[in-house]
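Here is what each chain is made of, one letter per residue.
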Amino acid sequence: MMNVTRKDTIFKLLDQDGPFAVKETVPNRHMFSPLIRNQVVCLKKENLCSRYRITRNQIFEFLNVGSFAEIEKLIHDEECRKAASLRAYSLLSRMFGIAGNENECLIAIKNYARTADGVIRYLKRAVLSPYSSYLDMDNKVDTIFDPVELLLIHFDDRYHKKARFEAKRKLVLMQLAAAIEQRERETGIEKKFAGFLDFLNNHVWSTEAKIGEQEPAVLLSRHSPEDFACNEVSVQAWDRAAEEPNRHLQPGLKRTLIKRLWFYSDNKKVPIYVIVRKKEPVAKVLKLLRKGEENPDIAVADELGLMGVLDKIVDVRIFQKHLFESAFRAGSFLTLEDVSDSLEGGLFQNGNIGSSANTPMLKFFARMGGMRVEFIIHTNKSFLNYTYQRGVAHSEYEVNRLFDTGVANLLFPKDIYHLDLPSIKDELLRRFRKQIESEQ
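Quick caveat: nothing in here was measured; it's all calculated off a predicted structure.

**Q** Would you mind going over the pairing of strand β4 (residues 268–278) with me for this structure?
**A** Sheet topology note: the strand β3 (residues 253–265)/β4 ladder contains 6 bridges and is antiparallel. By the bridge assignment for β4, Trp262 is matched with Pro271. Where β3 hands over to β4, the hairpin turn is made up of 2 residues, of which Asp266 adopts a positive phi near 50°. Bridge count for β4 against strand β5 (residues 304–310) is 6 bridges, and the pairing is antiparallel. Across the sheet, the residue bridging to Ile275 is Met307, located in β5.

What follows is the structure, given as structure tokens:
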């Protein structure tokens, strides 16, 4: 298992096994208590004295105080808190390059808080949904977006340990969200995404179809009882599949709906199932966490992407050729970077924790028209393995990477949420596997 806090980053501040752990009570900074002495020993042992000094100085500057004693006074003085908040908004707007007036800065900070809360809500709703009730956030922390108020909760002994941890967690996630938003603004990702969609609609897909038009079809597949890998697959026209929608399938058979676009190559119509995506801020925050990186320039290279599924390998090669030709028609040269192709054998290695080397696919980045776009290309068979095969299915991958990277433990530490995460991981994998193999 990888440790998210292996490097000296802000993630160290969330480590409940380290010197920045939230304790049952807020330490009394007026005296050199046993708790403070233990923290000093731990800081020295883990070589985090510099991280402590940097964090302490940032807190003092942010709150405009000179000591921990002044922080305690700030907690109980509403007027001083308001003044500290206004000053903090100004500092943050300059730090993250937020243009505009005070109200626009406030809107941006509220959006960072929504993204931070969205990370926790997404995990509760998706991967960790069977345990969502265990992960509920403190109501007060949930409603606060003001960084000063959140920071003061960490030093306020009136709040329970869980609430103080969640306030600190929200601040860390807000900082990641702010860095991501700044990068999106600087790189013009929204404009690039719109340009990518225009490129696809105008130059890649057949212009005989209206924008948004798709042709539904059904993949009827047979899967191995050993590992539920796809042994064979056929494409059924929608008209035929719709005639018997409620027919019960034998064990090992799956029916998968896909809605396909198409293009022409040498006057031959080639259908392709397509998912185009722009990675959303919540997904980017989770990726930074999994990578253990604070800088989105390093960790988030795949914010624009397309996954395509074609009938067979020869169609994949035709699509690659068509993509080059489409770029030239659009007036741009196209080059492929970081190509990995395991569709015809071999192991796929992407270096991501929790992923399976047994996932065949063609993956590359296409640089064209001022964009760098990630393409993941499957055949029908490899796509069905990506969806259903044991140890390969994407739903299992989601579980593995959340737990194996240490993100689950970082965001939901056992001493606060009282969950046995290794057992939960095994149970989630069993649930997803049962769901995959029992559904028609």
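Text resumes after the structure shown.
**Q** What is the right way to read the nonpolar core from this model?
**A** Here is a general trend for soluble globular proteins: nonpolar side chains tend to be buried in one another's company. Leu63, Ile71, Tyr112, Leu173, Leu289, Phe403 and Leu411 are the most contacted members of the largest nonpolar core, which totals 80 residues. If one sorts the elements of this core by residue count, helix α8 (residues 161–187) sits on top with 10 residues.

**Q** Sorry if this is basic, but what is going on with the packing of aromatic side chains here?
**A** For any pair of aromatic rings, the description rests on two quantities: the centre-to-centre distance and the angle between the ring planes. This model, assessed by the stated rule, comprises 13 aromatic pairs. Judged by centre distance (6.3 Å) and plane angle (15°), the rings of Trp205 and Phe319 are stacked. One end of the pair, Trp205, is in the loop between α9 (189–204) and β1 (215–223); the other, Phe319, is in helix α13 (residues 313–329), and 114 residues separate them in sequence. For Trp205, a relative accessible area of 8% gives the class buried. Ring centres 5.7 Å apart and planes at 70° place the aromatic pair Tyr273 and Phe383 in the edge-to-face group. Of the two residues, Tyr273 is situated in strand β4 and Phe383 in helix α14 (residues 380–388); the sequence distance between them amounts to 110 residues. Take Phe383: its relative accessible area is 8%, and that puts it in the buried class.

**Q** Just to check I follow, could you spell out the pattern of salt bridges for this structure?
**A** Proximity of charged atoms lets side chains of opposite charge pair with each other. Here the structure, examined in full by the defined rule, presents 33 salt bridges. When the shortest N-O distance is used, the salt bridge between Asp117 and Lys170 registers 3.1 Å. One end of the pair, Asp117, is in helix α5 (residues 102–125); the other, Lys170, is in helix α8, with 53 residues separating them in the sequence. With a shortest N-O distance of 2.9 Å, Arg317 and Glu344 are connected by a salt bridge. One end of the pair, Arg317, is in helix α13; the other, Glu344, is in the loop between β6 (335–341) and β7 (362–368), and 27 residues separate them in sequence. By relative accessible area, Glu344 is classed as exposed at 61%.

The rules behind the values
Residues numbered from 1 in each chain as written. Predicted model: local features only at pLDDT ≥ 70, side-chain atom pairs only at ≥ 80, totals over all residues. Heavy atoms only, no water. Pairing = 2+ DSSP bridges. Helix = DSSP H or I, 4+ residues; strand = E, 2+ residues; numbered from the N terminus. Core = buried A, V, L, I, M, F, W, Y, C linked by side-chain atoms within 4.5 Å. Buried < 20%, exposed > 50% of the residue type's maximum accessible area, 1.4 Å probe, protein only. Phe/Tyr/Trp six-rings, centres within 6.5 Å; stacked < 30°, edge-to-face > 60°. Salt bridge = Lys/Arg side-chain N within 4 Å of Asp/Glu carboxyl O.

What is shown is where atoms sit, not what they do.
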